[in-house]
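Structure assessment
Each chain is listed here by its residues.
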Amino acid sequence: MSAAATDARVPAFRRGVKFRFDAVRDAWVVLAPERLFVPDEQAVEILKLVDGKRNVDAIVDDLAARFNAPRAMIATDVGAMLRDLAEKGALVL
C-alpha cells in the first residue's frame, strides 16, 4: 500500500481474544484461546486503539500526531503489526 493510499479496514479482536494489562507479568498481553502474545511497546500503543470501530487510517493518524512521526512510516508499522496478529488469529481485519 502506498503512502497516499487509504485503509478503511476496521481491525477488531476476534471473539474470545482479550487485550489487557497482566499484573503478574507487569506487561500488556493479548490472550487468545490457548495462546498468549506479549506485544512490544510499539504494538501496545497500536492495540490500545483497536476498538472495533476505528479504522486503520484513524489509528495511523492518531499515532502519527501523538508521536510526531511521519505518517507513511507509522502506516507501514501499523499495517505490518495488524497483519501479523490477523495471521496468528488474534485480530480480524
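Right above here is the structure, for reference.
Because the structure is predicted, anything quoted here is derived from the model rather than measured. (Residues numbered from 1 in each chain as written. Predicted model: local features only at pLDDT ≥ 70, side-chain atom pairs only at ≥ 80, totals over all residues. Heavy atoms only, no water.)

1. Some remarks on the overall build of the protein chain
- Along the backbone of the protein chain there are three helices and five strands.
- Moving toward the C terminus, one meets the helices and strands of the protein chain in the order β-β-β-β-α-α-α-β.
- Taking 93 residues into account, the globule formula puts the C-alpha radius of gyration at 12 Å, and the protein chain, at 13 Å, falls close to it.
- The C-alpha extent of the protein chain, read off along each of the three principal axes, is 40 × 25 × 20 Å.
- Each of the 93 residues in the protein chain was classed as buried or not, and the buried ones make up 34%.
- For the protein chain, long-range pairs separated by at least 24 residues make up 48% of all intrachain contacts whose partners lie at least 6 apart in sequence.
- Working note: accessible area of the protein chain is about 5,800 Å², and carbon and sulfur atoms make up 52% of it.
- One way to put it: in the protein chain the 14 positive side-chain charges average out to a point 6 Å from where the 14 negative ones average out. (Helix = DSSP H or I, 4+ residues; strand = E, 2+ residues; numbered from the N terminus. Rg over C-alpha atoms; globule rule 2.2 N^0.38 Å. Buried < 20%, exposed > 50% of the residue type's maximum accessible area, 1.4 Å probe, protein only. Contact = heavy atoms within 4.5 Å. Areas by Shrake-Rupley, 256 points an atom, 1.4 Å probe, with all protein chains shown as cover. Lys, Arg positive; Asp, Glu negative; His and termini not counted. Charge placed at Lys NZ, Arg CZ, Asp CG, Glu CD.)

2. Description of the side chain of D57
- Within the secondary structure, D57 is located in helix α2 (residues 56-67).
- Engagement of the side chain of D57 in a polar contact is seen with the backbone nitrogen of D7, the distance being 2.8 Å.
- Among the polar contacts listed, one links the side chain of D57 to the side chain of R71, at a separation of 3.1 Å.
- Beyond its immediate sequence surroundings of up to four residues, D57 is in contact with T6, D7, A8 and R71. (Polar contact = N/O pair within 3.5 Å; in protein donor to acceptor, adjacent residues only side chain to side chain.)

3. Observations concerning helix α3 (residues 71-87)
- The end-to-end C-alpha separation of α3 is 24 Å, in line with the 24 Å expected for 17 residues at 1.5 Å each.
- For α3, every residue scored as buried is listed here: I74, V78, G79, M81, L82 and L85.
- Where α3 is buried, its residues meet β4 (35-37), α1 (41-47), α2 and β5 (91-92). (Expected span 1.5 Å × (residues − 1).)

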